[in-house]
Amino acid sequence: LDQYREICEQSGLTAGDQVMREAAELLKQSSRPEDVLARYSESSLVVLSEVVCPSDGEAFAERLRSRMEQHVVQADSRMITATCTVGVARIDQQHADAGSLIASVEHICAEARRLGGNRVSVIGASDTGTDTVSPDDVIAEINAAIANGQISLTFQPIASLKGDGGERFEIRPAVRTDGDTLLPPAHAFPDAAELGLTKLFDEWATDQAVSVLGECNSNGRNVTFFLPLSPSALLDSTFLESLPQRLPQGSHVVLQVSENLAQEYYRQTLELSNKLHAHGCKLALDEFSQGQNGDKLIELLQPDFLKFTAEIVTGLGSDDGKREYVDQVSKRLRSHGGQCIADQISSAQQLAAIWLTSLELIQGDFVAPASDSLEFDFDQFVA
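**As for the pattern of salt bridges**
Per the counting criterion, the structure on display carries 16 salt bridges. The closest approach of N and O atoms between E62 and R65, which form a salt bridge, is 2.7 Å. Placement of both E62 and R65 in helix α3 (residues 54–70) is noted, with a separation of 3 residues, approximately one turn of the helix. Salt-bridge contacts for R65 lead to E69; the nearest nitrogen and oxygen are separated by 3.1 Å. Note that R65 and E69 are positioned in helix α3 at a spacing of 4 residues, about one turn of the helix. Judged by relative accessible area, R65 falls into the buried class, the value being 12%.

Now the structure itself:
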């Protein structure tokens, strides 16, 4: 369901349960007696079905999506409508076990919701809907791009207003095109995003970060890298299991997960947090908003860093409530050694408003845009 969390927040948990019950009934009515149906998570249902050809699965998913879109739920005195995103995957040599299959479907559903939801996504389907893309071919393309030096890291500074903590950068992998333009991996390799293979870029970026940090340390620099994780990496158990081997104990690599992703996949984010903290490494929550469950998320995940959304940062100059909220959250993180970051700063006015708060770390194009350089004067923003 695309709006389950919003329905619970606006209409209450009872209304959310009613919507889920009726969605389950629609799924049951759309399925055959021999199909296997289950509630997989708080807001997700799954069905295991034997079909004659792949197009039958997509047709089934489209019928279900359409029925949900047209359905109206009456909860107490409210009339509630909701849409759903349906992911379709085949059990084949690429998805030979349940964990791999579910992780791939969760990934394409997460990507579809980012595009607005209320749609059907089929793993391995091309734009024509008739051909399939081999995961092995996509993996080979990515490995070739790495071997040819087409993929590199970009660095965006995170400056401190107090001048403490050394040099901090957010790093992201980028793919260099023929026109020398740098693109995010999901844009340069759209099939990788659809097949849940963007984790390969996260693995490469993690290994590169450790290597570059080693060079910085040998030169006497105190550098910390923040690396955003894609849904593909967060949902891949093998990536999480490999972290203790990829990251040296106490490594200055902070793995970063967006608040929405942490809410949607709390179990995986908690596992990531536990692994990082047990290994002396750190977790950051990105795109943090003034949401209803934010305080609970901080309590359970114990993030070391938290980045506020542009919407909160923009409102600091005119909204006393936002300033009070930012100060409250900053104080809470400092109580266990954490710090908050004002992200996506784009103007001097926004920077001036930050001085009215207890925020100490700043990031955004006004501070410095992302580039391929590790050179930056961190003292220029120190008071």
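**Remarks on the packing of helix α13 (residues 294–301) against helix α15 (residues 320–334)**
At a minimum axis distance of 12 Å, the contact between α13 and α15 shows a crossing angle of 10°. Classified by the angle between their axes, α13 and α15 sit roughly parallel to one another. Two secondary-structure elements touch here, α13 through D295, I298 and E299 and α15 through Y325, Q328, V329, R332 and L333.

**Section: the pairing of strand β10 (residues 223–228)**
Here β10 lies mainly inside the structure; 6 of its 6 residues are buried. Burial along β10 is two-sided: the face carrying V223, F225 and L227 and the face carrying T224, F226 and P228 are both buried. As paired strands, strand β8 (residues 167–176) and β10 are joined by 4 bridges and run parallel to one another. Directly across from F169, in β10, lies its bridge partner F225.

**So, the confidence of the model for the chain**
On average, residues of the chain carry a pLDDT of 87, and 95% of them reach 70 or more. A low-confidence stretch, residues 126–130 (pLDDT under 50), is modelled with 1 contact involving residues beyond four sequence positions or located in other chains.

**Description of empty space enclosed by the protein**
This model, assessed by the stated rule, comprises 1 cavity of 30 Å³ or more. What the largest cavity holds in volume is close to 40 Å³. In terms of lining residues, the largest cavity is bounded by L243, P244, L247, K275, L276, H279 and C281. Elements supplying a minimum of two residues to the lining of the largest cavity: α10 (237–246) and α12 (266–278).

**Here we look at the environment of V254**
Its location among the elements puts V254 in strand β11 (residues 253–258). Distance in space between the C-alpha atoms of V254 and K282 is 4.9 Å, their sequence separation being 28 residues. With residues up to four places along the chain from it excluded, the contact list for V254 reads T224, F225, F226, L227, K282, L283, A284 and F305.

**Description of the environment of A370**
Here A370 lies in the segment after β15 (361–362). Among the residues examined, A370 registers a relative accessible area of 46% and is labelled partly exposed. When residues no more than four places from it in sequence are discounted, the contact partners of A370 are T154, F155 and Q156.

**Side note on the packing of aromatic side chains**
Any two aromatic rings considered together are summarised by their centre-to-centre distance and by the angle between their planes. Tallying each qualifying case throughout the model produces 9 aromatic pairs. Look at F155 and F225: their rings are 5.7 Å apart centre to centre, the planes differ by 40°, and that puts the pair in the tilted class. On the criterion of sequence distance, the pair formed by F155 in strand β7 (residues 151–160) and F225 in strand β10 is long-range, its members being 70 residues apart. Residue class for F155 comes out buried when judged on its relative accessible area of 7%.

**Details of a nonpolar patch on the surface**
A cluster of nonpolar residues, V36, L48 and I91, forms a patch on the protein surface that exposes about 290 Å² of accessible area. Topologically, I91 is positioned in the loop between β5 (86–88) and α4 (98–114).

What counts and how
Residues numbered from 1 in each chain as written. Predicted model: local features only at pLDDT ≥ 70, side-chain atom pairs only at ≥ 80, totals over all residues. Heavy atoms only, no water. Salt bridge = Lys/Arg side-chain N within 4 Å of Asp/Glu carboxyl O. Helix = DSSP H or I, 4+ residues; strand = E, 2+ residues; numbered from the N terminus. Buried < 20%, exposed > 50% of the residue type's maximum accessible area, 1.4 Å probe, protein only. Axes fitted to C-alpha atoms, helices over the stretch in contact; angles between N-to-C directions. Parallel < 35°, antiparallel > 145°, perpendicular 65-115°, else oblique. Contact = heavy atoms within 4.5 Å. Pairing = 2+ DSSP bridges. pLDDT = per-residue confidence, 0-100. 1 Å grid on protein atoms, 1.4 Å probe; cavity = no way out; pocket = protein on both sides within 12 Å on 5 of 7 lines; lining within 4 Å. Points joined across faces, edges and corners; volume = space filled by probe spheres on them. Phe/Tyr/Trp six-rings, centres within 6.5 Å; stacked < 30°, edge-to-face > 60°. Patch = residues over 30% accessible without salt bridge, like charges linked within 9 Å, V, L, I, M, F, W, Y side chains within 5 Å. Areas by Shrake-Rupley, 256 points an atom, 1.4 Å probe, with all protein chains shown as cover.

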